[in-house]
Amino acid sequence: MSTPERGGAAARAEPVGSAVVGSWDGCSAESLAREWGVPMVETYRTLGSTNDRAVALAREGAPRPSVVVSEAQSAGRGRHGASWQSASGVGIWMSILFEAALRAPQLPLLVGVACARAVESIVPGGGRVRVKWPNDLVLDDDRKVGGILCESGPHGVVVGVGINVASPPGGFAPDVADHATSLEVAWAISIQRRSLAGSIIREIRAILRLPDPFASVRTELERRDALRGRTVHAEIQGTGVARGIDEHGALLVEAPDGSLRSVTSGSVRLATASTPD
């Protein structure tokens with residue numbers, strides 16, 4: 001078992017599972033910690049899951065906000081355990097460790113707004129990034145470019161971020177190829193992953209420092225809401241028109257009978273060729 005390449009304050013935890021340490025985007029862990037302004041960074045060439053590694057660091061009392069980043073993940077996952085394609089060198093596969101006090105149902109949406117801001121700041125004029133409830137980042141054509149996985153436990157909150165910067169060699173897997181894309185393909189530009197990751201970290205921290213983070217970004221979230229006014233199918237509540245997101249982070253869906261339902265769990269998908277009403 002290899003010892004992770006670390007930058008910043010030392011941590012006691014050792015890697016869990018199969019891991020190969022190394023630099024990330026050509027940079028050492030130490031230089032990334034300085035550039036990103038965080039106490040510790042761990043870098044890997046490949047790792048099972050950055051979220052799992054960050055959870056292990058939480059148990060060991062690592063400084064906050066520590067960052068785990070890997071060129072590739074062999075067991076990357078999304079919401080409800082869905083697999084996440086994490087090919088080497090083409091994306092940002094990163095997890096950030098925060099205090100347990102940050103646990104909140106709105107956290108994935110807050111991180112979504114932060115990621116959208118970061119992408120647009122790095123790629124001025126590239127296009128608009130929208131937030132699709134509860135934890136996806138999509139472009140105006142509804143193609144997914146990123147996802148967020150927040151996990152909490154007694155020792156801390158882990159914010160996992162996956163961004164498709166470039167497309168994987170050979171393209172996306174068949175089950176996602178029709179609705180996934182990458183920033184470089186969608187906008188025909190070249191992006192430095194190190195700069196984008198640093199911008200994401202800074203934007204997340206800036207939002208979470210606000211006295212009332214969700215209230216502060218709700219107006220912006222409404223503008224970025226990829227579902228608002230569109231017909232959706234909720235796994236539990238059925239089909240209806242999305243009417244925004246409430247103060248608790250739940251998706252509001254207007255049923256055919258006019259009643260308003262709160263969606264707090266389960267999957268939600270757009271109805272075929274749905275456009276805002």
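Keep in mind that this is a model prediction, so the values were computed, not measured.

### Thoughts on the pairing of strand β8 (residues 144-153)
Next up, step 1: Bridge count for strand β7 (residues 136-138) against β8 is 3 bridges, and the pairing is antiparallel. Bridging from a neighbouring strand, L137 pairs with G146 of β8.
Next up, step 2: Between β7 and β8, which pair antiparallel one after the other, the connecting turn spans 5 residues, and D142 there sits at a positive phi close to 70°.
Next up, step 3: Following β8, the chain reverses through 2 residues before pairing antiparallel with strand β9 (residues 156-164).

### Side note on the packing of aromatic side chains
Next up, step 1: In the structure shown here, the tally under the stated rule is 1 aromatic pair.
Next up, step 2: Their ring planes at 70° and their centres at 6.0 Å tell us that W24 and W36 sit as a pair that is edge-to-face. In this pair, W24 sits in the loop between β2 (19-21) and α1 (29-36) while W36 sits in helix α1, placing the two residues 12 residues apart along the sequence. Take W24 and W36: they sit in the same class, and that class is buried.
Next up, step 3: A cation over an aromatic ring shows up here: R193 above the ring of W24, its NZ or CZ 4.9 Å from the ring centre.

### Focus on the sheet that holds strand β12 (residues 251-254)
Next up, step 1: Judged by pairing direction, the sheet is antiparallel, and its 5 strands sit side by side in the order β13-β12-β11-β10-β14 without closing on themselves. Looking at which strands have only one partner, the edges of the open sheet turn out to be β13 (260-263) and β14 (268-270). Neighbouring strand axes in the sheet, compared pairwise and without regard to direction, differ in orientation by 45° on average.

### Considering the nonpolar core
Next up, step 1: Counting 58 residues, the largest nonpolar core has W36, M94, L196, I200 and I204 as its most contacted members.
Next up, step 2: Formed by 11 residues, the second largest nonpolar core is a distinct cluster that contains L47, A58, A62 and V158.

### Thoughts on the pattern of salt bridges
Next up, step 1: Counted according to the given criterion, the structure contains 16 salt bridges.
Next up, step 2: Between R117 and E203 there is a salt bridge, and its shortest N-O distance comes to 3.9 Å. Taken together, the positions of R117 in helix α3 (residues 107-122) and E203 in helix α5 (residues 193-208) put the pair 86 residues apart, joining distant regions of the chain.
Next up, step 3: On the basis of relative accessible area, R117 is assigned to the partly exposed category, the value being 26%.
Next up, step 4: A salt bridge links R224 to E120, with the nearest nitrogen and oxygen atoms 2.8 Å apart. Here E120 lies in helix α3 and R224 lies in helix α6 (residues 213-224), a separation of 104 residues in the sequence.
Next up, step 5: Looking at E120, the relative accessible area reads 23%, which means it is partly exposed.
Next up, step 6: One continuous salt-bridge network, built from bridges that share partners, spans R117, E120, E203, E220 and R224.

Here is what the cut-offs are and how they apply
Residues numbered from 1 in each chain as written. Predicted model: local features only at pLDDT ≥ 70, side-chain atom pairs only at ≥ 80, totals over all residues. Heavy atoms only, no water. Pairing = 2+ DSSP bridges. Helix = DSSP H or I, 4+ residues; strand = E, 2+ residues; numbered from the N terminus. Phe/Tyr/Trp six-rings, centres within 6.5 Å; stacked < 30°, edge-to-face > 60°. Buried < 20%, exposed > 50% of the residue type's maximum accessible area, 1.4 Å probe, protein only. Lys NZ or Arg CZ within 6 Å of the ring centre and 35° of its normal. Axes fitted to C-alpha atoms, helices over the stretch in contact; angles between N-to-C directions. Core = buried A, V, L, I, M, F, W, Y, C linked by side-chain atoms within 4.5 Å. Salt bridge = Lys/Arg side-chain N within 4 Å of Asp/Glu carboxyl O.

Keep in mind that these numbers describe shape and distance, not what the molecule does.
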